[in-house]
Amino acid sequence: MIEQGIGEERAILVEQGEIVAARVVWDEPWRAGAVVEARLGARIPGTRRAVVRLPDGSEALGEGFDPRLTEGQAVLVRLTRSAIAEKGRAKLPQVRPAAAEDGLRTAPSLLEELSDGPHRVRSVPVHGRDFAEAGWDDLVAEALNGEVAFAGGSLVISPTPAMTVIDIDGPPPLTALALAAVPAIAAALRRLDIGGSVGIDFPSLAEKAQRRAVDEALAEALAAAGWQGERTGMNGFGFIQLVSRLERPSLIARFARAPAAAAARRLLRMAERVVEPGTLLLTAHPAVRRAMRSEWEAELARRTGRNIQWHEDAGLAPAATFAQAIAA
């Protein structure tokens, strides 16, 4: 199911009434799947890699370029990964050469992208109950807090510049804790759209047989979840690394790196769902108010047919946003 939100597209895969996979697209200028004409920039000596300049003047990292191409030459490229925001900086988008027959194209919408997959896809209204009944609010809370509870413990998920790190927290016995965490990890990777390099910090297990049992359980759980990639075995300190394809930020990374922008989009969704008549009063931290774009606010007024007022409260956490109807 797909919601066309303001400043955000949201998709969830629902099985037996629960969200098993989710994807969020913000209005990034360059996303995976787009094909554009760029200009070749500085080459990286001895490699087929180079910096390219995209049509808006921003840069991307590319690989697979013919060594005979020269700096400044026009090249057709396909975006393979969008920019990934990090603390204080951003990883540039990634591109590869595209064939002339591919033609210029924008990145597919979620509806276009997911309609090519194996599942039935339908758009649902933001003011409907579909997302709420499937547990969207709980999913957002997991993404905001970076914490996923499971029977006997919890996962603490943290995006870092090098990888997404998953820590297992809970009481002994440690082997039982590690095994209980395995299905929660496999489910969280899919539900929170986590890709790329992932480090899992299991409790240290003294016996090789215990570590082997966790390895085998993790392999089975990942296969059952449809995860595709490479993984290491557990080392003596309980660490396992997973590596899979990375095309976009995970839900965890989006919320952690741009909390005010994420809160603004969440507030817009709340406001669209207010059913009581009257002026919309939006209450949020000043940082959220600053992150709210004027075009988003105008679209909210257009969609709801209401006037909008703001109340800024510096005492609120950025995630604590409220939307309600008041008398005009």
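Scroll up to find the structure this text is about.
Residues numbered from 1 in each chain as written. Predicted model: local features only at pLDDT ≥ 70, side-chain atom pairs only at ≥ 80, totals over all residues. Heavy atoms only, no water.

1. Let's talk about helix H5 (residues 208-224)
Note the following rule: A run of DSSP states H or I qualifies as a helix once it reaches four residues; a run of E qualifies as a strand once it reaches two. Both are numbered from the N-terminal end. Each helix should span, by expectation, one fewer than its residue count multiplied by 1.5 Å. Accessibility here uses a 1.4 Å probe with only protein chains present; expressed as a share of the type maximum, an area under 20% marks a residue as buried, one over 50% as exposed, and anything in between as partly exposed. This arc is built from the directions going out from the helix axis to the C-beta atoms.
With 17 residues, H5 should cover 24 Å at 1.5 Å per step; its first-to-last C-alpha distance of 24 Å lies within 8% of that length. Of all the positions in H5, only Arg 211, Val 214, Asp 215, Leu 218, Ala 221 and Leu 222 are classed as buried. Buried residues of H5, viewed axially, fall in a sector of 135°; they line one side. Exposed and oriented more than 90 degrees from the buried face of H5 are Glu 220, Ala 223 and Ala 224. Phi turns positive one or two residues past the end of H5, at Gly 226, with a value near 80°.

2. Focus on the side chain of Thr 283
The line we're drawing: Any two residues having at least one pair of non-hydrogen atoms within 4.5 Å are treated as being in contact.
Assignment of secondary structure puts Thr 283 in strand E17 (residues 279-284). The contacts of Thr 283, once residues within four sequence positions are left out, are His 311, Leu 316, Ala 320, Thr 321 and Phe 322.

3. A few points about the packing of helix H4 (residues 174-191) against H5
This is how it is decided: Under this scheme, a helix contributes an axis fitted over its contacting stretch, all axes are lines through C-alpha atoms, and angles between N-to-C directions fall in the 0 to 180 degree range. Angle categories are assigned with fixed cut-offs, so that under 35 degrees is roughly parallel, over 145 is roughly antiparallel, 65 to 115 is roughly perpendicular, and the rest are oblique. Note on convention: the crossing is left-handed when the near helix lies turned anticlockwise from the far helix by less than a right angle, right-handed when the turn is clockwise.
Two elements in contact, H4 and H5, have axes whose closest approach is 9 Å; the angle formed by their N-to-C orientations is 20°. Relative to H5, H4 is oriented roughly parallel. The handedness of the crossing between H4 and H5 comes out as right-handed. Together, Thr 175, Ala 178, Leu 179, Val 182, Ala 186 and Leu 189 of H4 and Gln 210, Ala 213, Val 214, Ala 217, Leu 218, Ala 221 and Leu 222 of H5 make up the contact between the two elements.

4. Some thoughts on the environment of Phe 150
One can find Phe 150 in strand E11 (residues 147-150). Put simply, Phe 150 and Leu 114 are 36 residues apart on the chain and 29 Å apart in space, counted from C-alpha to C-alpha. Sequence-distant contacts of Phe 150, defined by excluding residues within four places in its chain, comprise Leu 155, Ile 168, Leu 177, Ala 180, Ala 181 and Ala 184.

5. A few points about the sheet that holds strand E14 (residues 197-201)
Put simply, the rule is: Two strands qualify as a pair provided DSSP detects at least 2 bridges between them.
Here we have six strands laid out as an open sheet, ordered E11-E12-E13-E14-E16-E15, and mixed in their pairing. Each of the sheet's edge strands pairs with one partner strand only, and the pair in question is E11 and strand E15 (230-231). Here E11 runs beside strand E12 (residues 153-159); their pairing, made up of four bridges, is antiparallel. Within the sheet, the bridge partner assigned to Glu 147 lies in E12 and is Val 156. With respect to the sheet, H5 is in contact with E14, E15 and strand E16 (239-243), its orientation differing from that of E16 by roughly 25°.

6. Digging into helix H3 (residues 136-145)
The set of residues buried in H3 consists of Trp 136, Leu 139, Val 140, Glu 142 and Ala 143. For H3, the buried positions fall inside an angular range of 155° around the axis, keeping them on one side. Along H3, the residues that are exposed and aim more than 90 degrees away from the buried face are Asp 138 and Asn 145. Gly 146 occupies a position one or two residues after H3 and carries a positive phi of about 65°.

7. What to know about the side chain of Ser 154
Topologically, Ser 154 is positioned in strand E12. When sequence neighbours within four positions are dropped, the list of residues in contact with Ser 154 reads Glu 147, Val 148, Ala 149, Asp 167, Ile 168 and Asp 169.

8. Side note on unusual backbone geometry
Following Pro 172, the chain continues to Pro 173 via a peptide bond in cis, the omega torsion being 5°. Structurally, Pro 173 can be placed in the loop between strand E13 (164-169) and H4. With a phi angle near 55°, Gln 16 is a residue other than glycine that sits in the positive phi range. Its place among the elements puts Gln 16 in the loop between strand E2 (8-15) and strand E3 (18-26). Here Gln 16 falls in the exposed class, since its relative accessible area comes to 84%. If you check the backbone angles, Asp 193 has positive phi at about 55° while not being a glycine. Relative to the elements of secondary structure, Asp 193 occurs in the loop between H4 and E14. According to the relative accessible area criterion, Asp 193 is buried, its value standing at 11%.

9. Considering the pattern of salt bridges
Put simply, the rule reads: Salt bridge, as applied in this entry: a Lys or Arg side-chain nitrogen positioned within 4 Å of an Asp or Glu carboxyl oxygen.
Under the defined criterion, the tally for this structure stands at 21 salt bridges. Here Glu 28 and Arg 254 are joined by a salt bridge, their closest N and O atoms 2.5 Å apart. Taken together, the residues span a long stretch of sequence, with Glu 28 in the loop between E3 and strand E4 (35-43) and Arg 254 in helix H6 (residues 251-257) at a distance of 226 residues. Where Asp 102 meets Arg 78, a salt bridge forms, and the shortest distance between an N and an O atom there is 3.0 Å. Pair noted here: Asp 102 is in the loop between strand E10 (94-97) and helix H1 (110-115) and Arg 78 is in strand E7 (residues 74-81), with a separation of 24 residues, a long-range link. Each of the salt bridges in this network shares a partner with another, and the network as a whole consists of Glu 3, Glu 8, Arg 10 and Arg 269.

10. Examining the sheet that holds strand E1 (residues 2-5)
Read across the sheet, three strands follow the order E1-E2-E3 without closing on themselves; strand pairing throughout is antiparallel. Because the sheet does not close on itself, it has two edges, and the strands there are E1 and E3. Going across the sheet, the axis of each strand differs from the next one's by a mean of 15°, ignoring polarity. Across four bridges, the pairing between E1 and E2 is antiparallel. Within E2, the residue paired with Glu 3 across the bridge is Arg 10. Running over the sheet, H3 touches E2 and E3 and is turned about 65° from E3.

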